[in-house]
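Secondary and tertiary structure notes
Here is what each chain is made of, one letter per residue.
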Number of protein chains: 4
Amino acid sequence: MARVGIYGGSGYTGQELLRLLSRHPGVEVTALTSRKYRGQRINQIYPGLMGIAGQTFMDASPEEVAALCEIVFLAVPHGEAMASAPVFLDRGVKVIDLSADFRLRRVDIYEKWYQKHTASPLISRAVYGLPELYREAIVPADLVANPGCYPTSVILGLAPLLREGKIRLDSIIVDSKSGTSGAGRDPQLGSLFCEVNEGFKAYKVAAHRHTPEIEQELSALAGQDVRVSFVPHLIPVNRGILSTIYGTLDGSLAASELHDIYRKFYEKEYFVRVCEAGTFPNISSVRGSNFCDIGLAVEEKTGRVIIVSVIDNLIKGAAGQAIQNMNLLLGLPETTALDLVPLFP
Amino acid sequence: MARVGIYGGSGYTGQELLRLLSRHPGVEVTALTSRKYRGQRINQIYPGLMGIAGQTFMDASPEEVAALCEIVFLAVPHGEAMASAPVFLDRGVKVIDLSADFRLRRVDIYEKWYQKHTASPLISRAVYGLPELYREAIVPADLVANPGCYPTSVILGLAPLLREGKIRLDSIIVDSKSGTSGAGRDPQLGSLFCEVNEGFKAYKVAAHRHTPEIEQELSALAGQDVRVSFVPHLIPVNRGILSTIYGTLDGSLAASELHDIYRKFYEKEYFVRVCEAGTFPNISSVRGSNFCDIGLAVEEKTGRVIIVSVIDNLIKGAAGQAIQNMNLLLGLPETTALDLVPLFP
Amino acid sequence: MARVGIYGGSGYTGQELLRLLSRHPGVEVTALTSRKYRGQRINQIYPGLMGIAGQTFMDASPEEVAALCEIVFLAVPHGEAMASAPVFLDRGVKVIDLSADFRLRRVDIYEKWYQKHTASPLISRAVYGLPELYREAIVPADLVANPGCYPTSVILGLAPLLREGKIRLDSIIVDSKSGTSGAGRDPQLGSLFCEVNEGFKAYKVAAHRHTPEIEQELSALAGQDVRVSFVPHLIPVNRGILSTIYGTLDGSLAASELHDIYRKFYEKEYFVRVCEAGTFPNISSVRGSNFCDIGLAVEEKTGRVIIVSVIDNLIKGAAGQAIQNMNLLLGLPETTALDLVPLFP
Amino acid sequence: MARVGIYGGSGYTGQELLRLLSRHPGVEVTALTSRKYRGQRINQIYPGLMGIAGQTFMDASPEEVAALCEIVFLAVPHGEAMASAPVFLDRGVKVIDLSADFRLRRVDIYEKWYQKHTASPLISRAVYGLPELYREAIVPADLVANPGCYPTSVILGLAPLLREGKIRLDSIIVDSKSGTSGAGRDPQLGSLFCEVNEGFKAYKVAAHRHTPEIEQELSALAGQDVRVSFVPHLIPVNRGILSTIYGTLDGSLAASELHDIYRKFYEKEYFVRVCEAGTFPNISSVRGSNFCDIGLAVEEKTGRVIIVSVIDNLIKGAAGQAIQNMNLLLGLPETTALDLVPLFP
């Protein structure tokens, strides 16, 4: 049984990690921290975990947590992650960071979108934790930068086309929509029920921090610089991201060829499901699971391809993908504790 | 008091017409039809109207209804509207058609997307009922084709830019999201609560019937052929449409210039509200009102403009706009019975 | 035009007052306060009010506000209301208090459930502002205690039966359910979208502060002490309260007799609608309106009566009722600005 | 591997059975029927099951299905279940019936609330499938009547008190609230998104068919006739039932004693969780799980006890409980495939 810690475990992502790890046969959660809920049991804060997980929140330092585990999930905000990661790594604890701190390979870009980076030497040591693209690099890593939720949906949605070089790189538009759990559990006006329910809005229009992360990974896939327009929206649901992606084909491509490219690219990937031709995914088809479902269309009239990609933002977009990475680090089957059946309705 | 009829009044649009007309000082609803609910009072079907509207649904022919009113709203499905419109017009009753039957000026396009047109000579007599663009033509008309819900949000969102010729006509992408009342009140699987709630999906991807209507009107504004990519999505809310519109600027344009163009274009339009620079509208800000709110951004990196346009699909996207047209036909102030304050939260 | 002030106008109730008053022909809102949003326009905080209401929030003292109006709505939390009410009254400004500070006639009971009362001499001067029961006392009053939302639904639901003495006073159970706007706009964990959506819970079981208010008014109706069991629940909707009320009949009563009692009791009340026999109200039938709808059943097997009563908690349960009281104070028709048609769907 | 069939598998309950059984290590679903979707794969109807379950719907007779399995779940409407059950039993196939056909022990009561019973001799052979109360009788049974969703929440909520004889039997009032999946997947007006969303209503007030089932089981627990008032309501959520139960104590009982009674009664029951004193359950704490959570209060003022009981109506209220029964029939651990962690948020 590997001993794992969750550093910053009181938010939705922390809870989701614990929820999923509670059914993992190969690990034991030996440390769980929260300043706010120190001394309380997790099932007092998340009563659904009654009888399932009973860890008590500690207000412990990274040093203390490092002594209790072999792998740690950082579920703290950006800034805090870069402060604690070196402590864990120095003590031989492998780190899976769910914040943005080690996702961007260029310090200048990180600092433009986020803040001063205080652990920049570690950036080159970090592996971008999208197993479908970086599996081999993840296995031996000790610092995994777990991808953002929006980027996961977008990168998986575009990877086959970019690898095949079938799309004009200056034509990509990403119109994403996310459920509200993506905003976290901090009480803030914009996350109140009455503000979100029966509403729908775009936010951070062409200014969301996931933009450079998306561009970095699309550029890596394309082998050259890619810039995208990215507009996120807020859906009045708890979970789910749907990204509608538009791009102009470089040359013509039949719908069936497009389909074949995706089927082939993902044929060995358990967690990516390519929809049947002519069908498109609903976020409700992946809720509670680690799947990414992708639907495809070619619009002949305009020469564009339209890709619809969905994930559960808390699972494939956060905690599930983190556990997928953990399984790789531990040499376990990648689907361990992640062969989750979507909950519908 | 003008006598008005509602032909096909049992759906959400019919109810909305009656709801709004019940507070209109210049008209009286003298006929209301429904085959299904014949003999029942509208407030038995819509109990919220108890004490407000008590008309009994008739199962009456167009001829019978024509004898009871001066203006009629057709709130029946396409196909049925073209069958009854000639009857009303022949008897001197002005027609405001909420179906798609008279929106498309070219019969071949109508027949490609809908069905055989049996009243095609009337098409040229119809005026497209978007008052902000066609006010002068509407006033003397006797057949008004009330615009579709998605097209209303898109056309108002793009009109100023197209009139000014500031956008590349082959670059327009429209990513729209609609509340569920747009699907009507017919019991069908896809409209069930459990299918829609906690879900989000694209549907009729690049194949929605509102596409030719949008293209017709954008082409008219541009003075040449415009083709767009149009993908609608279903939001789990009752009311509201939000369209996120992307286009590449023809030349450069500062955000403030863009803003000025819109402010100026709409400065005399009560029902179009241009958001303050840097802010974007939420569907919850127009719920229950006849407003269209528009937010604007210029993305310098890509040279694109991003426009977000919202309406209440049952009001500015259907019944409210129809009453706006009726007010024009009757020579009444356009805002009569439509100076509605949005309901929030 | 009467000049009215809203003291504490940034919450949902304050916004609702302004929303409704913006269409009131007899008053003008001349003062609007908020410490938090001082200097901002209300339509920046509530963008739905763009073009409708443009008052700027002041951070003004009661003295300053008193100089600007003849009537003031107190939309501040309990405790703050009792601190400012005397200032207004001393300056001849009539007060409609939406907090709980002047609802309870007995200081000891107020202090048991709330806090120390610092303006207790005013309690006897206050009139309980439920126009259907206290209209004549409200007209000449200068301090109106606007009822709580739950109590409004319960008292209107039980008044006819209690007045007629048809129910055993120790048998009353009130199971109420409220939409989330009742919790206000302060960011707190329990009001977050993800906490409320797809959830349903009882809260403050048999311990809600509206209990003594309900008991006070039911006792007044019955002419003797009434104790009730009261359990509120939270519904994942924005607006609406539904109270299901159970009581044992004192003697037998046919369903039709029960119906007649209610019809008669409320026959002159515009805002109370008694549902047809065998039908029960939905909160969606009163949304956006000042109506209270009541459905009735007699269960012969157990000798119980079951009453279902619904209101929009922000209108008949708060701002609408406050304006109804204001109309009475001003000698205006009670329905002025309140002849609202419910918004459905 | 036991071979199991699902007779009538296209509704939400059928899907839920398949969803849960897809992860059951001891059974294989060898037959799945649906007239409507004959020839289609279940993952075409429920795309969330893509890659998880690929059975094709058969339009097969009970005889044909009986040849393919050892145990069958009847997920057809009442009436149809009683028609097919004898066929299965005659062929040695054990039956778990999710309809109401074999729940009521008295034919006259069944026929009063439902319809003519055509397989009444089988009623005495059926065991009421609530394992927490009837485990020993279920193990050797060949016909299990799976309880209704509301009754499950109510019976588990009241069993300890009734067994202990602590409550006045004529005082019980049950105010229940259910999510919309309880209404099934048939397209009907009342289940449409726009009719349910932002709404809340009571329905079948004191007239719901689950009343006699509740009364039968409460009477069995009490050892004498019990009559209850039962009012169900519809919550705008997909899943979940919350029952608020009121009763007058026979003698006095401290809150801690009440708690002890429940803790003791359920101490060996994995699926029943008694909440900590002073806390009450939310349906969101059991979503996606087979748990029943119970909260308790004593109201001294009135001498009443208030019990709040929640389940996921599709799991503990239907498919999960059916699988719990199947596990008993197969001699497997009762929690097999049912150790589900609630999905939150």
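Residues numbered from 1 in each chain as written. Chains lettered and ligands numbered in written order. Predicted model: local features only at pLDDT ≥ 70, side-chain atom pairs only at ≥ 80, totals over all residues. Heavy atoms only, no water.

Considerations on the pattern of salt bridges
Residues and elements named next belong to chain C.
- Using the criterion set out here, one finds 96 salt bridges over all chains in the structure.
- Here R35 makes a salt bridge to D59, at a shortest N to O gap of 3.8 Å. You can see R35 sitting in the loop between β2 (27-32) and α2 (42-45) and its partner D59 sitting in the loop between α2 and α3 (62-66), a full 24 residues away along the chain.
- Residue classification places D59 among the partly exposed positions, given a relative accessible area of 36%. (Salt bridge = Lys/Arg side-chain N within 4 Å of Asp/Glu carboxyl O. Helix = DSSP H or I, 4+ residues; strand = E, 2+ residues; numbered from the N terminus. Buried < 20%, exposed > 50% of the residue type's maximum accessible area, 1.4 Å probe, protein only.)

Here we look at the relation of the copies chain A and chain B
- In the superposition of chain A on chain B (RMSD 0.0 Å, axial shift 0.0 Å), the rotation amounts to 180°. Put plainly, the chains are arranged around a two-fold axis.
- A symmetric contact is evident, with 100% of the interface residues of chain A recurring at the interface of chain B. (Least-squares fit on C-alpha atoms with pLDDT ≥ 70 in both. Contact = heavy atoms within 4.5 Å.)

Focus on the domain arrangement of chain A
Residues and elements named next belong to chain A.
- According to the domain assignment, chain A consists of domain 1 (2-125) and domain 2 (150-313).
- Here domain 1 and domain 2 have C-alpha centroids that lie 27 Å from each other.
- Counting residues at the interface gives 15 residues for domain 1 and 14 residues for domain 2.
- Of the roughly 1,300 Å² buried between domain 1 and domain 2 on both sides combined, carbon and sulfur atoms contribute 47%.
- Looking at the side of domain 1 facing domain 2, the largest losses of area belong to Y12, R103 and W113, adding up to 44% of the total buried there.
- Across the salt bridge formed by E16 and R239, the nearest N and O atoms sit 2.7 Å from each other.
- Along the contact surface separating domain 1 from domain 2 lie 8 residue pairs in polar contact (both at pLDDT 80 or more).
- When residues in the side of domain 1 that touches domain 2 are grouped by element, the largest group, 3 residues, is from helix α1 (residues 12-21).
- When its residues are assigned to classes, the side of domain 1 that touches domain 2 shows 8 nonpolar, 3 polar and 4 charged. (Domains from an automatic or database assignment. Buried area = accessible area lost by both parts, 1.4 Å probe. Polar contact = N/O pair within 3.5 Å; in protein donor to acceptor, adjacent residues only side chain to side chain. Nonpolar A, V, L, I, M, F, W, Y, C, P; charged D, E, K, R; others polar.)

Notes on the relation of the copies chain D and chain B
- Relative to chain B, chain D is turned by 180° and slid 0.0 Å along the rotation axis, the superposed coordinates differing by an RMSD of 0.0 Å.
- Of all interface residues in chain D, 100% are interface residues in chain B too; the two copies therefore contact each other through one and the same surface.

Notes on the environment of E70 of chain A
All names here are of chain A.
- In this fold, E70 is placed in the loop between α3 (62-66) and β3 (71-74).
- In the structure, E70 is positioned 156 residues away from V226 in sequence and 38 Å away in space, judged by C-alpha atoms.
- Those residues in contact with E70 that lie beyond four places of it in its chain are M1, A2, R3, G92, V93 and K94.

What about α1 of chain A?
- By the criterion of burial, α1 of chain A is predominantly enclosed, with 9 of the 10 residues buried.
- Restricting attention to buried positions, one finds in α1 of chain A the residues Y12, G14, Q15, E16, L17, L18, R19, L20 and L21 of chain A.

Points about the interface of chain A and chain B
- Contacts between the two partners involve 47 residues from chain A, matched on the other side by 47 residues from chain B.
- Taken over both partners, the interface formed by chain A and chain B buries close to 3,600 Å², and the fraction arising from carbon and sulfur atoms is 57%.
- Applying the counting criterion to the chain A and chain B interface returns 4 salt bridges.
- Residue D175 of chain A is joined to K177 of chain B by a salt bridge in which the shortest nitrogen-to-oxygen separation is 3.1 Å.
- On inspection of chain A and its partner chain B, the count reaches 28 residue pairs in polar contact (both at pLDDT 80 or more).
- Only β7 (173-178), α8 (193-196), β8 (201-202), α9 (210-222), β9 (229-234), β10 (241-248), β12 (292-299) and β13 (304-311) of chain A provide two or more residues apiece to the side of chain A that touches chain B.

Observations regarding the interface of chain D and chain B
- Each partner contributes to the interface: chain D provides 20 residues, whereas chain B provides 20 residues.
- Across the contact surface, chain D and chain B share 2 salt bridges.
- Residue R185 of chain D pairs with E195 of chain B through a salt bridge whose shortest N-O separation is 2.9 Å.
- Seen at the junction of chain D and chain B, the total is 8 residue pairs in polar contact (both at pLDDT 80 or more).
- Residue contributions to the side of chain D that touches chain B peak at 4 residues, all from helix α8 (residues 193-196) of chain D.
- Of the residues contributing to the side of chain D that touches chain B, the split by class is 10 nonpolar, 6 polar and 4 charged.

Comments concerning the packing of helix α1 (residues 12-21) of chain D against helix α11 (residues 315-329) of chain D
Residue and element names in this part refer to chain D.
- Where α1 contacts α11, the two axes come as close as 10 Å, and the packing angle between them is 50°. On the basis of the axis angle, α1 is oblique to α11. For the pair α1 and α11, the sense of crossing is right-handed. Contacts between α1 and α11 involve T13, E16, L17, R19, L20 and L21 from the first element and I315, A318, A319, G320, A322, I323 and M326 from the second.
- Its residues assigned to classes, the contact of α1 with α11 comprises 9 nonpolar, 2 polar and 2 charged. (Axes fitted to C-alpha atoms, helices over the stretch in contact; angles between N-to-C directions. Parallel < 35°, antiparallel > 145°, perpendicular 65-115°, else oblique. Left-handed = near helix turned anticlockwise from the far one by under 90°.)

Here's the deal with unusual backbone geometry
Residue and element names in this part refer to chain B.
- In this structure, P345 follows F344 across a cis peptide bond, with omega equal to -5°.
- Looking at the element boundaries, P345 is found in the segment after α11 (315-330).
- Although it is not a glycine, E198 sits at a positive phi angle of roughly 60°.
- Relative to the helices and strands, E198 is located in the loop between α8 (193-196) and β8 (201-202).

With respect to the nonpolar core
- Formed by 364 residues in total, the largest nonpolar core has its most connected members in F73 of chain A, F73 of chain B, F73 of chain C together with F73 of chain D.
- Each residue touching F73 of chain C, except ones within four places of it in the same chain, is listed here: V4, G5, I6, Y7, L17, L21, I96, L98, A322, I323 and M326 of chain C. (Core = buried A, V, L, I, M, F, W, Y, C linked by side-chain atoms within 4.5 Å.)

Side note on the sheet that holds strand β1 (residues 2-7) of chain D
Residue and element names in this part refer to chain D.
- One open sheet holds the 6 strands; their spatial order is β2-β1-β3-β4-β6-β5, and the pairing between them is parallel. Two strands in the sheet have a free side with no partner beyond their single neighbour: β2 (27-32) and β5 (127-128).
- Pairing of strand β4 (residues 94-97) with strand β6 (residues 143-145) involves 3 bridges; the strand directions are parallel. The partner of D97 across the bridge, within β6, is A145.
- Each of β1, β2 and β3 (71-74) touches α1; the most contacted strand, β1, lies at about 160° to it.
- Most of the contacts of helix α4 (residues 80-90) go to β3, to which it runs at about 180°, and overall it touches β1, β3, β4 and β6. (Pairing = 2+ DSSP bridges.)

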